[in-house]
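Chain residues, written in single-letter form:
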Amino acid sequence: MKNFAALTALMVAFTGFTSAAHAEGKADRYCDDDYAKKTYSSAAYTSASNQGDYVKTAANDSANRVVTKVSTSVGQVFANAQGMTLYTFTKDSNGASVCYDACADSWPPFLAQQNAKTWGEFTVIARNDGTYQWAYKNQPLYLWVGDRQQGDATGHGVGNVWYVAQP
């Protein structure tokens, strides 16, 4: 437990995130470098074709941003609102996390509220511990305690099972 407290203190000091924090807001709000890092909600899009293409029609609402895109050494990746890289775990089965206890201490789940608004390929999954976690393409999303600042992707390739979440 002493190690967990120290790890939590490091996470707060370096990332502003603790595993107990919940990402509120909407998963449909993410940043796109092509639009000068503005944030868009699903309400700000209209369908441009039958194929589901979307066209920007309004508004920057970064206050409720949940997911952003950031540039890293491995290319563009998804990140939390603070710009910290999000990861997927290849041992997770589709829509279910297997990362708990010591695993979750090192790879904190990107937690969500149960009733968080989902959109597109961002969804919320139920975890076995009673919490909820954001997922992309039905793959649970995590942070890595080894990342210290925006744009870090030091968890990419760890154990050949952890990889950055990319658009």
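**A closer look at the state of the cysteines**
Within this structure, the stated rule accounts for one disulfide. What pairs with C99 in a disulfide is C103, and their sulfur atoms sit 2.0 Å apart. Taking the torsion about the sulfur-sulfur bond, which here is approximately -105 degrees, the covalent link between C99 and C103 counts as left-handed. You can call C103 partly exposed: its relative accessible area is 21%.

**What to know about unusual backbone geometry**
Leaving glycine aside, a negative phi is the common case for residues, and trans is the common case for peptide bonds. The backbone of K137 sits at a positive phi, close to 50 degrees, despite the residue not being glycine. Here K137 shows up in the loop between β10 (132–136) and β11 (139–140). Looking at K137, the relative accessible area reads 46%, which means it is partly exposed. Even without being a glycine, N138 presents a positive backbone phi close to 70 degrees. With respect to the helices, strands and loops of the structure, N138 is situated in the loop between β10 and β11. Of the residues examined, N138 reaches a relative accessible area of 30% and is grouped as partly exposed.

**Observations regarding the packing of aromatic side chains**
Tallied over the full model, the rule gives eight aromatic pairs. Considering the side-chain rings of W107 and W162, the 3.8 Å spacing of their centres and the 0 degrees angle between planes classify their relative orientation as stacked. In this pair, W107 sits in the loop between α2 (102–106) and β8 (111–112) while W162 sits in strand β12 (residues 162–164), placing the two residues 55 residues apart along the sequence. For W162, a relative accessible area of 4% translates into the label buried. Here the aromatic rings of F122 and Y136 are separated by 4.9 Å at their centres, their planes lie at 40 degrees, and the arrangement is tilted. You can see F122 sitting in strand β9 (residues 122–126) and its partner Y136 sitting in strand β10, a full 14 residues away along the chain. Comparing F122 with Y136 shows no difference in burial state: the two are buried. Of note, R127 hangs over the ring of Y100, and the distance from its end group to the ring centre comes to 4.2 Å.

**Regarding the confidence of the model for the protein**
Put simply, the protein has an average pLDDT of 73, and 62% of its residues get 70 or more. This model gives residues 1–21 a pLDDT under 50, and the stretch forms 27 contacts once residues within four places in sequence are excluded.

Rules used in this analysis
- Residues numbered from 1 in each chain as written.
- Predicted model: local features only at pLDDT ≥ 70, side-chain atom pairs only at ≥ 80, totals over all residues.
- Heavy atoms only, no water.
- Disulfide = S-S within 2.5 Å.
- Buried < 20%, exposed > 50% of the residue type's maximum accessible area, 1.4 Å probe, protein only.
- Helix = DSSP H or I, 4+ residues; strand = E, 2+ residues; numbered from the N terminus.
- Phe/Tyr/Trp six-rings, centres within 6.5 Å; stacked < 30°, edge-to-face > 60°.
- Lys NZ or Arg CZ within 6 Å of the ring centre and 35° of its normal.
- pLDDT = per-residue confidence, 0-100.
- Contact = heavy atoms within 4.5 Å.

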